[in-house]
Each structure stands twice: as structure tokens, then as C-alpha cells.
Amino acid sequence: MKELDCVELTQPFEGLPAGAKGTVVLVYPGPHAEVEFFDGEDETIGVFTVPTSLLKVTWAAAS
């Protein structure tokens, strides 16, 4: 997982439902990433620090 990858939650987290879609904006050393989540109209819901174990990459940004 790297910055600008598109991800979705594999289970609910901090009030967000499983399947919520977002973009990785920062990968921390260790098991967390900062992710900006969006609603169905591409409006930002918020930025959350999420354990990477709860994220599935749906589109990988170019290296």
C-alpha cells in the first residue's frame, strides 16, 4: 500500500461502513495509513488514521 492508492474498508471503522472508499494520503511506519474517505458524490467525509489491516487496495497508483 502506498500514497494515492484507492482503498476501501473491509469492515466498519469509526462510524464509516464496510466498503467506504478513500484515497491513501500518507503511509506511516508500522500498520497505519492516513486515508481521505469520500461519499457517493465524491465529497470528503473526513481523514482518518486507519489500521492497514482494515483496508483493501482497489486501484494501485503508479510507482
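The structure we're discussing is the one just above.
Described in the following lines is the structure provided in the data block. (Residues numbered from 1 in each chain as written. Predicted model: local features only at pLDDT ≥ 70, side-chain atom pairs only at ≥ 80, totals over all residues. Heavy atoms only, no water.)

Sheet analysis places strand S1 (residues 6–9) next to strand S2 (residues 21–27), joined by three bridges and oriented antiparallel. Bridge pairing in S2 places Glu8 opposite Lys21. Bridge analysis of S2 against strand S3 (residues 32–38) gives six bridges, and the strand direction is antiparallel. Each bridged residue has a counterpart across the sheet, and for Lys21 the counterpart in S3 is Phe38. If you look at the hairpin formed by S2 and S3, you'll find four residues sitting between the two strands, and Gly30 has a positive phi there, around 105°. (Pairing = 2+ DSSP bridges. Helix = DSSP H or I, 4+ residues; strand = E, 2+ residues; numbered from the N terminus.)

Right, let's talk about a negative patch on the surface for a bit. On the surface, a cluster of negative charge is contributed by Asp39, Glu41, Asp42 and Glu43. Relative to the assigned elements, Asp39 resides in the loop between S3 and strand S4 (44–51). Take Asp39: its relative accessible area is 33%, and that puts it in the partly exposed class. (Patch = residues over 30% accessible without salt bridge, like charges linked within 9 Å, V, L, I, M, F, W, Y side chains within 5 Å. Areas by Shrake-Rupley, 256 points an atom, 1.4 Å probe, with all protein chains shown as cover. Salt bridge = Lys/Arg side-chain N within 4 Å of Asp/Glu carboxyl O. Lys, Arg positive; Asp, Glu negative; His and termini not counted. Charge placed at Lys NZ, Arg CZ, Asp CG, Glu CD. Buried < 20%, exposed > 50% of the residue type's maximum accessible area, 1.4 Å probe, protein only.)

Looking now at the sheet that holds strand S5 (residues 55–59). In spatial order, the strands read S4-S3-S2-S1-S5; together these five strands make up an open sheet with antiparallel pairing. The strands lining the two open edges of the sheet, one partner per strand, are S4 and S5. Neighbouring strand axes in the sheet, compared pairwise and without regard to direction, differ in orientation by 40° on average. Pairing between S1 and S5: four bridges, direction antiparallel. The partner of Leu9 across the bridge, within S5, is Leu55. (Axes fitted to C-alpha atoms, helices over the stretch in contact; angles between N-to-C directions.)

Note that every value here comes from positions in space, so none of it alone points to a role or purpose.
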